[in-house]
Amino acid sequence: MKEFLQQKAQDVQRGEKDVGMDIMGSLVATQYQEKQGGNKAGIQMDDSEIIGNAFIMFLAGHETTANVMHFTMLELANNPAAQRRLQQDIDAILGRDTDPTTWNFEDKVGTMQASMIGAVMNETLRVMPPVVEVPKKTPPTKAQTITVDGVRRTLPPNTYLGLCVVAAQRNPRAWPGRPSKITGAPDDLDDWVPERWFRPSLSENEKQSAGVPETEDFGGYAGPDTSASMFRPVRGSFIPFSEGPRACLGRRLAIVEVLGALAAIFQKYSIENAVDDWASNEEVARMDRDQKRALYKKAVQRSRDVIASSEARITLKLHNGSHVPLRLVRRGEERFVDWYEE
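So, here is what we can say about the structure in this document. Each chain carries its own residue numbering, running from 1 in the direction its sequence is written. Only residues with pLDDT of at least 70 are given local features in this predicted model, and only at 80 or more are side-chain atom pairs given and counted; all residues enter the totals for whole chains, interfaces and linings. Hydrogens and water molecules were not included; the side-chain quantities draw on all heavy atoms of the structure.

### Looking at the overall build of the chain
Turning to step 1, where the next piece is worked out: In this description a helix means any DSSP run of H or I spanning at least four residues, a strand means any run of E spanning at least two, and both kinds are numbered starting from the N terminus. A count of helices and strands for the chain gives 11 helices and 8 strands.
Turning to step 2, where the next piece is worked out: The protein chains shown are the only cover counted for residues, whose accessible areas, like all others here, come from Shrake-Rupley with a 1.4 Å probe. Surface exposure of the chain reaches about 18500 Å², of which carbon and sulfur atoms provide 52%.

Listed below in structure tokens is the structure:
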């Protein structure tokens, strides 16, 4: 980062015209660029502040999206039926043999978000949000009123609040659940189940009982993060990008990035858990269907155990050397996910 800063500073001092076309260039210009007459331009930041701002913007705009893709790939390997449906929707919406560079996202993004592509993305954001707690603070000079369980409550000025994203997005009052097929639990809210996004939305009475009034004016962008034709979470129960006037500025870009990346990868490829720790390619080729099922079930369980060990250190990800081995194969060359059912 320091080297990058110095490179941009040199560009500014040489008078490069495009120096402000990226985040670091724009930040550097506040300190090093001279206005006409020799005065510094606008608000000035020192080098540590420039690096700090560039780092957090990079983290917010790249690391979070990469983590969503990471956990999505792991979960698709663990849920072959969802992966097959994802590929069917990609084929129907974008075509099996089209060139991704020709895709018009302005025309297709709505349809993509209303399909299994959007459901897969939303479910990863629900179960494994990259930011597990969103920090908020009331104004320093006045109290603020919020509604909790239908009761209006007043928060004092300068009060810190942490919105627990994971808990909000697994709240059974706001999310309809079904018995878990994985653990046998009474509901599947801890499971990665993209099909839930095609379930009916809550009734108005159920929304009111969840304690979050739909009509409250929070200010800021009021548009949906999910397709109108899919399950519509109660406001405040799906907050991977936060909500209200200080919601993530890059959420629309992040949504298109994830949808586009999933479509481009799974148009041509499938993802499987690697089983090399237990069997060679030759041994797998000699197995019958029951033997393969037992082997893949072992790989799925290992993957789920590793995913459960993920931790939040700024963003949610695997730490301490934990990883899940995956196998990317061209469609038609799968050994497990083209038929495997849990």
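### Describing the pattern of salt bridges
Two side chains with opposite charge may pair up if their charged atoms get near one another.
Turning to step 1, where the next piece is worked out: Salt bridge, as applied in this entry: a Lys or Arg side-chain nitrogen positioned within 4 Å of an Asp or Glu carboxyl oxygen. Inspection of the entire model under this criterion finds 17 salt bridges.
Turning to step 2, where the next piece is worked out: Residue Arg 14 is joined to Asp 11 by a salt bridge in which the shortest nitrogen-to-oxygen separation is 2.5 Å.
Turning to step 3, where the next piece is worked out: Taking the relative accessible area as the measure of exposure, Asp 11 reaches 13% and is therefore buried.
Turning to step 4, where the next piece is worked out: One salt-bridge network, held together by shared partners, links Glu 123, Arg 126, Asp 188, Arg 196 and Arg 199. A 1.4 Å probe rolled over the protein chains alone gives each residue an accessible area, and that area as a share of the maximum for its type sets the label: buried under 20%, exposed over 50%, partly exposed in between.

### Here's the deal with the pairing of strand E2 (residues 144-148)
Residues in a regular strand project their side chains so that they alternate between the two faces of the sheet.
Turning to step 1, where the next piece is worked out: The pairing of E2 with strand E3 (residues 151-155) spans 5 bridges and is antiparallel. Paired with Thr 145 across the bridge in E3 is Thr 154. Should DSSP find at least two bridges between two strands, the strands are regarded as paired.

### Considering a nonpolar patch on the surface
Turning to step 1, where the next piece is worked out: Patch criteria: residues need more than 30% relative accessible area and no salt bridge. Like-charged residues are merged within 9 Å; nonpolar side chains of Val, Leu, Ile, Met, Phe, Trp and Tyr are merged within 5 Å. A surface patch of nonpolar side chains, amounting to about 580 Å² of accessible area, comprises Met 1, Ile 23, Phe 55, Ile 56, Met 57 and Ile 314.
Turning to step 2, where the next piece is worked out: For the nonpolar patch, the element with the most residues is helix H3 (residues 47-78), which contributes 3 residues.
Turning to step 3, where the next piece is worked out: Take Ile 314: it is sitting in the loop between strand E6 (311-313) and strand E7 (315-317).
Turning to step 4, where the next piece is worked out: Since its relative accessible area comes to 61%, Ile 314 is described here as exposed.

### Comments concerning the packing of H3 against helix H4 (residues 80-94)
Turning to step 1, where the next piece is worked out: H4 packs onto H3 with a crossing angle of 110° between their chain directions and a minimal axis gap of 5 Å. Considering their axes alone, H3 and H4 lie roughly perpendicular with respect to each other. Within the contact between the two elements, H3 uses Leu 76, Ala 77 and Asn 78 and H4 uses Pro 80, Ala 82, Gln 83 and Leu 86. Every axis corresponds to a line fitted to the C-alpha atoms, with the helix fit spanning only the stretch in contact, and the corresponding angles, defined between N-to-C directions, vary from 0 to 180 degrees. Just so you know how the angles are binned, under 35 degrees is roughly parallel, over 145 roughly antiparallel, 65 to 115 roughly perpendicular, and the rest oblique. Working rule for contacts: check all heavy atoms of both residues, and any pair within 4.5 Å makes them a contact.

### As for the layout of surface pockets
Turning to step 1, where the next piece is worked out: Taken as a whole, the second largest pocket encloses approximately 930 Å³ of empty space.
Turning to step 2, where the next piece is worked out: Around the second largest pocket, the lining is made up of 33 residues, and of these Ala 60, Thr 64, Val 131, Cys 248 and Leu 249 lie nearest the centre.
Turning to step 3, where the next piece is worked out: If you list the elements that add at least two residues to the lining of the second largest pocket, you get H3, helix H6 (116-127), strand E1 (133-137) and helix H9 (251-268).
Turning to step 4, where the next piece is worked out: Tallying contributions element by element places H3 first for the lining of the second largest pocket, with 9 residues.
Turning to step 5, where the next piece is worked out: Looking at the lining of the second largest pocket residue by residue, the classes come out as 21 nonpolar, 7 polar and 5 charged. Note on definitions: the grid is 1 Å and covers protein atoms alone; a cavity is a set of points where a 1.4 Å probe fits but cannot get out; a pocket is an open set with protein on both sides within 12 Å along at least five of seven lines; lining residues have an atom within 4 Å of a point. Grid points are joined across faces, edges and corners, and a volume is the space filled by probe spheres set on the points. For this classification, Asp, Glu, Lys and Arg are treated as charged, while Ala, Val, Leu, Ile, Met, Phe, Trp, Tyr, Cys and Pro are nonpolar and the rest, including Gly, are polar.

### Structural notes on the side chain of Gln 267
Turning to step 1, where the next piece is worked out: With respect to the helices, strands and loops of the structure, Gln 267 is situated in helix H9.
Turning to step 2, where the next piece is worked out: Take Gln 267: its relative accessible area is 1%, and that puts it in the buried class.
Turning to step 3, where the next piece is worked out: Polar contact is the term for a pair of N or O atoms within 3.5 Å; when the atoms are in protein, one must be able to donate a hydrogen and the other to accept it, and sequence-neighboring residues count only if both atoms are side-chain atoms. Here the side chain of Gln 267 touches Thr 98 through a polar contact of 3.0 Å, landing on its backbone oxygen.
Turning to step 4, where the next piece is worked out: Excluding its chain neighbours within four sequence positions, the residues that come into contact with Gln 267 are Ile 90, Gly 95, Arg 96, Asp 97, Thr 98, Pro 100, Trp 103 and Arg 331.

### A few points about the nonpolar core
Turning to step 1, where the next piece is worked out: As used here, the term nonpolar core means buried Ala, Val, Leu, Ile, Met, Phe, Trp, Tyr and Cys residues forming a set that is joined through side-chain atoms within 4.5 Å. Counting residues in hydrophobic clusters, the biggest one holds 48 residues, and the most contacted among them are Leu 76, Leu 86, Ile 117, Leu 262, Phe 266 and Tyr 296.
Turning to step 2, where the next piece is worked out: For this core, the secondary-structure elements that each account for two or more residues are H3, H4, H6, H9 and helix H11 (289-308).
Turning to step 3, where the next piece is worked out: No other element matches H9, which puts 7 residues into this core.
Turning to step 4, where the next piece is worked out: The residues contacting Tyr 296, other than those within four sequence positions of it, are Ala 77, Pro 80, Glu 272, Asn 273, Val 275, Phe 336, Val 337 and Tyr 340.

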